[in-house]
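What follows is the residue order along each chain.
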2 protein chains.
Amino acid sequence: MTARDSRGSLGRTGRRAGDSGTRDAILESARGQFADHGYDGATIRAIAAAAGVDPALVHHFYGSKERLFAAAMQFPLIPSETIRAALADESREPGEPLGSHMVRSALAAWESPGVREAFQGLLRSALTSERAAAMLREFVAETVLRSVASAAGGSDAGETAFRAALIASQMLGLALARYMLKFGPLAAASADELAAAIGPGIDRYLTGDLRDNGLA
Amino acid sequence: MTARDSRGSLGRTGRRAGDSGTRDAILESARGQFADHGYDGATIRAIAAAAGVDPALVHHFYGSKERLFAAAMQFPLIPSETIRAALADESREPGEPLGSHMVRSALAAWESPGVREAFQGLLRSALTSERAAAMLREFVAETVLRSVASAAGGSDAGETAFRAALIASQMLGLALARYMLKFGPLAAASADELAAAIGPGIDRYLTGDLRDNGLA
DNA sequence: GATTGAATTCAACAAGCGTAGAATTCAACA
DNA sequence: TGTTGAATTCTACGCTTGTTGAATTCAATC
């Protein structure tokens, strides 16, 4: 499954010079390594080894580790439109509350091949690298904030941002506990159980009264 | 403010040989560095420099970086009893819902001197080090699970663990977004606002029906 | 004041890191 | 077939890391 193997199996194909599949193989390998070990933990040498390639080649294609990270993590921004659409309206069963649907959509995205690695890499690195933290903030703004703005209660921009941040905090906490810290009960739960348990809270963040703390 | 300064200012005190304040100074410095940079990012040399001490001395006292980390992060386990008590019952104003009180207590703990560094160091390192992740899991079990068990609805142990994990995910997500990712709206919000916004969701996790997703 | 044992410093090792540039292979084209 | 330019490899630099052991300082005890 290395890049050299694939080149060998492809043999003399119609590719023009300067375009084997290696460049993409490196990017994919980088996503996996960043997802598993974070920015600092992932080494260029390990990325190259996983792609079956010389370490210097990584540098030749992407210039520096930081640029490679940016290129690898930019992956979710492409299907983010898909995510946003899924979060907002389409593909929602009639009568299903929006909060429940958002939880289900997020879980589906996090378990789909490319997005999973990019998102986990971003989250793993965000706590140690300010650059990664900024990228994650931007990603959240691109996805959560937009979809919240189209469905939120108050029209006040500040309040909408507050609601979106609350939703993001619950979603990130879920991803953190389920996929990275591997809290038993959350890791074992099904998407349906989690949607039923967490969805109503999301709905409250979306349209509920956030100033009523439930005092008797 | 280095250890040597303090020894100099203390002069010939009544301390017995082998007990300057250096050992504790190193531990405190380590907590700060681990909190700011995580396990991998914090270097023994930086820890020693911040304590005004030779790097080898760190090793002389604590043996290895891993043992130093364990010693520094064990700090929260001491006031964890305090935290648990605060989360459970005492110091709660009459009529204030438990969820709101838990949020307020957590915020207070995270902003108090020693706990803040230890907790953030644990959280920052948990995503890159499996050892730190295990320590964080244990810490959560020690604090959240116990206090939830004493107030949760169902007596089923599995369901109680599920409820506790949900609460932990929301709390960790809040800490993540507010203190580390620095989401504007959450970082700027007051403890009261956050308690009012998040508390009711915690109450639902504590005693609500988690199988009703709010379907119309 | 000599002794003792802990605290502290010094210098250095081995390993791993990101990065760089020269050398080489190789596929397409004239 | 020889040329060309990109892909790929080799070797190595400079730096930082955790760790180690020997040497040194220093406060308390006899």
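Relevant structure appears above.
Here, residues in each chain are numbered from 1, in the same order as that chain's written sequence. Labels are handed out in written order, letters beginning with A for the chains and numbers beginning with 1 for the ligands. Confidence filtering applies because this is a predicted model: local features only for residues at pLDDT of at least 70, side-chain atom pairs given and counted only at 80 or more, and all residues used for totals across whole chains, interfaces and linings. In computing side-chain properties, one takes all heavy atoms of the structure into account and sets aside hydrogens as well as water.

A. The overall build of chain A, seen in detail. A count of helices and strands for chain A gives twelve helices and zero strands. Sequence-ordered secondary structure for chain A, helices as α and strands as β, is α-α-α-α-α-α-α-α-α-α-α-α. By residue count, 50% of the 216 residues in chain A fall in the buried class. The contact criterion used throughout is that any non-hydrogen atoms of two residues lie within 4.5 Å. Intrachain contacts of chain A at a sequence separation of at least 6 include 65% that bridge at least 24 residues. Where accessible areas are quoted, they stem from the Shrake-Rupley method and a 1.4 Å probe; at the residue level, only the protein chains shown are allowed to cover. Per element, the accessible surface of chain A, about 10100 Å² overall, is 52% carbon and sulfur. Think of it this way: any DSSP run of H or I at least four residues long counts as a helix, any run of E at least two long counts as a strand, and we number them from the N terminus. For every residue, the accessible area (1.4 Å probe, protein chains only) is compared with the maximum for its type, and the residue is labelled buried under 20%, exposed over 50%, or partly exposed between those bounds.

B. Broad picture of the relation of the copies chain A and chain B. Superposing the copies works by least squares over the C-alpha atoms of residues that have pLDDT at least 70 in both of them. Aligned on chain B, chain A shows an RMSD of 0.0 Å; the corresponding rotation is 180° and the shift along the axis is 0.0 Å. Here the two chains are linked by the operation of a two-fold rotation axis. Relative to the rotation axis, the closest C-alpha in chain A is found at Gly173 of chain A, a distance of 1.9 Å. A high fraction, 100%, of the interface residues of chain A reappear at the interface in chain B, so the copies pair face to face through one surface.

C. Spatial organisation of the nonpolar core. Phe34 of chain A together with Phe34 of chain B are the most contacted members of the largest nonpolar core, which totals 120 residues. Here Phe34 of chain B is in contact with Tyr39, Ala42, Ile47, Lys65, Leu68, Phe69, Ala72, Met73, Gly121 and Arg124 of chain B, once residues within four sequence places are set aside. Residues grouped as a nonpolar core are buried Ala, Val, Leu, Ile, Met, Phe, Trp, Tyr and Cys residues, joined through side-chain atoms within 4.5 Å.

D. Inspection of the interface of chain A and chain B at higher detail. Opposite the 46 residues of chain A that make contact, chain B presents 46 residues. When two components associate, each loses some accessible surface as probed by a 1.4 Å sphere; the sum of these losses over both components is called the buried area. For the pair chain A and chain B, the summed buried area comes to about 3900 Å², and 70% of that belongs to carbon and sulfur atoms. Every case where a carboxyl oxygen of Asp or Glu lies within 4 Å of a side-chain nitrogen of Lys or Arg is listed as a salt bridge. Between chain A and chain B we count zero salt bridges in total. Counting of polar contacts relies on pairs of N or O atoms within 3.5 Å, with two restrictions inside protein: one atom must be capable of donating a hydrogen and the other of accepting it, and residues adjacent in sequence are counted only when both atoms are side-chain atoms. Taken together, the connections running from chain A to chain B amount to twelve residue pairs in polar contact (both at pLDDT 80 or more).

E. Examining the environment of Gly208 of chain A more closely. All names here are of chain A. For Gly208, the location among the structural elements is in the segment after α12 (191–207). On the basis of relative accessibility, which here comes to 19%, the residue Gly208 falls in the buried class. A C-alpha to C-alpha distance of 9.5 Å links Gly208 and Arg163, two positions 45 residues apart in sequence. Non-local contacts of Gly208, meaning those with residues more than four positions away in its chain, are made with Arg163 and Asp203.

F. Fine view of the pattern of salt bridges. Residues and elements named next belong to chain B. Counting across every chain of the model gives 16 salt bridges over all chains. Across the salt bridge formed by Glu66 and Arg131, the nearest N and O atoms sit 3.5 Å from each other. Here Glu66 is found in helix α5 (residues 65–73), whereas its partner Arg131 is found in helix α9 (residues 130–149), with 65 residues between them in sequence. The closest approach of N and O atoms between Glu117 and Arg116, which form a salt bridge, is 3.2 Å. Note on Arg116: relative accessible area 28%, which makes it partly exposed.

G. View of the packing of helix α2 (residues 22–41) of chain A against helix α3 (residues 44–51) of chain A. Residues and elements named next belong to chain A. Orientation of α2 relative to α3, taken along the N-to-C sense of each, is 125°, at an axis distance of 8 Å. The angle between α2 and α3 places the two elements in the oblique class. In this structure, α2 crosses over α3, and the sense of that crossing is right-handed. Contacts from Ala25, Ile26, Ser29, Ala30, Gln33 and Phe34 in α2 reach Ala46, Ile47, Ala50 and Ala51 in α3. Whenever a helix is involved, its axis is fitted only over the stretch in contact; in every case the axis is a line through C-alpha atoms, and angles between N-to-C directions fall within 0 to 180 degrees. To sort the angles, those under 35 degrees are grouped as roughly parallel, those over 145 as roughly antiparallel, those from 65 to 115 as roughly perpendicular, and the leftovers as oblique. Take the far helix as the reference: if the near one is turned anticlockwise from it by less than a right angle, the crossing is left-handed, and if turned clockwise, right-handed.

H. View of helix α9 (residues 130–149) of chain A. Residue and element names in this part refer to chain A. Here α9 is 20 residues long and its end C-alpha atoms lie 27 Å apart, about the 28 Å a rise of 1.5 Å per residue gives. One fitted axis covers the seven residues ending at a residue, a second covers the seven starting there, and the bend at that residue is the angle between these axes. Along α9, the helix axis deviates most sharply at Ala141, where the bend reaches about 30°. Inspection of α9 places Ala132, Ala133, Leu136, Phe139, Val140, Thr143, Val144, Ser147 and Val148 among the buried residues, and these make up the whole buried set. With a side-chain oxygen positioned 3.3 Å from the backbone nitrogen of Arg131, the residue opening α9 is Ser129. One fewer than the residue count of a helix, multiplied by 1.5 Å, yields its expected span.

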